[in-house]
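# Fold and geometry: a report
So you can see what is in the structure, the chains are spelled out below.
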Amino acid sequence: MKHPAPVHLRHVLIGDGESPHLLKWARALAPHVELWVASSRGFLPGFDGVVPSWRRLALGADVAHKGGNFGVLRGLPRLGAWLRTIDADWIHAHYLTSHGTLAWLAKRVWGLRGHLIGSAWGSDILVTPQRSVLYRWLTRRVLRACHITTSDSHHMADVMKGLGAGEVSVFPFGLERLPPPARAKEPWLFFTNRGMEPIYRPERVISTFAAISAANPQARLVVANHGSLRGAMDEQVFGLGLQHRVLFVGRLDATTQDRWYARATWYLSLPESDSVAVSVLEAMGHSCIPILSDLPANHELVEHGENGLILTDGSPPDMAQLAELGARAHPIGHHNRTWVQQHGLFAPAVRTLMVRLRALAPPPRRPTQP
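What this report covers is the structure whose coordinates are included nearby. What you are looking at is a predicted structure, and each value in this text was computed from that prediction instead of being measured.

Quick look at the packing of aromatic side chains now. Applying the stated criterion across every chain yields a total of 16 aromatic pairs. Consider the rings of Phe 191 and Tyr 267, whose centres lie 6.4 Å apart with planes at 55°: the pair is tilted. Note that Phe 191 is positioned in strand β8 (residues 186-192) and Tyr 267 in strand β11 (residues 264-269), a separation of 76 residues in sequence. For the pair Phe 191 and Tyr 267, one class covers both residues: buried. Pairwise contacts between aromatic rings join Trp 25, Phe 171, Phe 173 and Phe 346 into one cluster. Looking at Arg 230, its charged tip hangs above the ring of Phe 248, at a distance of 4.2 Å from the centre.

If you want it as structure tokens, here you go:
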């Protein structure tokens, strides 16, 4: 007996194809759906092995990472016409203020059949709606238009619901793989790799490390990544006399970054606003002890004094508490890695999301395209 060809959801991602985060979503979705991707800019080379070129659209916008990206709307006519030819079951926008607005307008203007799904990335919910009445109105409109949304923290999900979201699926934007167990940690090696931009407060990372270093001469800090505040960080390190204890290593490839995670006992991340950060999950997966800013989403990962530290604004770490955590570094590291294994892997979460999408909108009976 001949079985009918499997019917896949026809799923379109809309986002920044030059972001590794959108590529990560594409890799996770590709085994489960007939995947198409529209990028406001271009595409990372990694998309070549995930989505064929004829299923991709590059709009070539000049996107600013600090926001104000109304320029992406110039691509709306091309996007709308492209989406009409695809007849997708789900139109999946990433970063709701910009790409969510594109998807919402395309669905309205072109009368698209597909349901909207929106994935919040953090600042699009926690920061951008506070900047102006227009941004808040746009965010509300997009959230209300979405059949379902995703959030990487319960705190952000609550904010989304307050802005008008309906069903919100909550799961961390987790790791694609669990790293191997760390073999040899350096007891007083600290690692940080958040962006060198104001929202991540790299100056607070340096001042926090300075307090730790003053109490423990063995302490060293490795700083990865780039950003507009790199020069100011150099000056701060020099002014504090820490140039022999702080090493700037620039932007790292994944393999080199994994090596630093594996060597470091501690991980520093002190932004002024954040949801559940992938870098924190990576650090915990590598058995690091996180030192984080006092944000609601961070409390979903760390119990202060048990598996890491939460620093309130203006407060240096308690050195006795730091030493006590350091003495328990091995069991804490094991606990953190196990938590990531159980709750912080991306593929299982996406599989669960796919089950929900099929229940909400089963695909019509059509063969999968080659």
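Next, the rest of the story.
Let us now look at the packing of helix α2 (residues 76-86) against helix α3 (residues 96-110). For the pair α2 and α3, the least separation of the axes is 9 Å and the interaxial angle reads 65°. Of the two possible hands of crossing, α2 and α3 adopt the one that is right-handed. Between α2, through Leu 76, Pro 77, Leu 79, Gly 80, Ala 81, Leu 83 and Arg 84, and α3, the contact on the second element is made entirely by Leu 102, Leu 105, Ala 106 and Trp 110. For the contact of α2 with α3, a count of residues per class yields nine nonpolar, one polar and one charged.

The next point concerns the sheet that holds strand β4 (residues 90-94). The pairing of strands in a sheet happens through backbone hydrogen bonds and is either parallel or antiparallel. Taking strand neighbours across the sheet as the criterion, the seven strands line up as β3-β2-β1-β4-β5-β6-β7 in an open arrangement whose pairing is parallel. Strands at the two margins of the open sheet, each flanked by one partner only, are β3 (56-58) and β7 (168-170). This sheet shows a mean twist of 20° between the axes of neighbouring strands, independent of strand direction. As paired elements, strand β1 (residues 9-15) and β4 share four bridges and run parallel to each other. Bridge assignment links His 11 to a residue of β4, and that residue is Trp 90.

We now examine the side chain of Ser 119. Structurally, Ser 119 can be placed in strand β5 (residues 115-119). A relative accessible area of 1% places Ser 119 in the buried class. At 2.7 Å, the side chain of Ser 119 forms a polar contact with the side chain of Thr 150. Beyond its immediate chain neighbours, meaning those up to four positions away, Ser 119 contacts Trp 25, His 92, Ala 93, His 94, Tyr 95, Leu 96, Asp 124 and Thr 150.

The nonpolar side chains of a soluble globular protein tend to be buried with one another. Membership of the largest hydrophobic core comes to 48 residues, with the highest contact counts inside it found for Leu 13, Trp 25, Leu 29, Leu 35, Phe 191, Leu 353 and Leu 357. Excluding anything up to four places from it in sequence, Leu 13 contacts Leu 22, Trp 25, Ala 26, Leu 29, Leu 35, Trp 36, Val 37, Ala 38, His 92 and His 94. If you look at the next biggest cluster of nonpolar residues, it comprises 38 residues, including Ala 93, Ala 103, Ala 106 and Val 168.

What counts and how
- Residues numbered from 1 in each chain as written.
- Predicted model: local features only at pLDDT ≥ 70, side-chain atom pairs only at ≥ 80, totals over all residues.
- Heavy atoms only, no water.
- Phe/Tyr/Trp six-rings, centres within 6.5 Å; stacked < 30°, edge-to-face > 60°.
- Helix = DSSP H or I, 4+ residues; strand = E, 2+ residues; numbered from the N terminus.
- Buried < 20%, exposed > 50% of the residue type's maximum accessible area, 1.4 Å probe, protein only.
- Lys NZ or Arg CZ within 6 Å of the ring centre and 35° of its normal.
- Axes fitted to C-alpha atoms, helices over the stretch in contact; angles between N-to-C directions.
- Left-handed = near helix turned anticlockwise from the far one by under 90°.
- Contact = heavy atoms within 4.5 Å.
- Nonpolar A, V, L, I, M, F, W, Y, C, P; charged D, E, K, R; others polar.
- Pairing = 2+ DSSP bridges.
- Polar contact = N/O pair within 3.5 Å; in protein donor to acceptor, adjacent residues only side chain to side chain.
- Core = buried A, V, L, I, M, F, W, Y, C linked by side-chain atoms within 4.5 Å.

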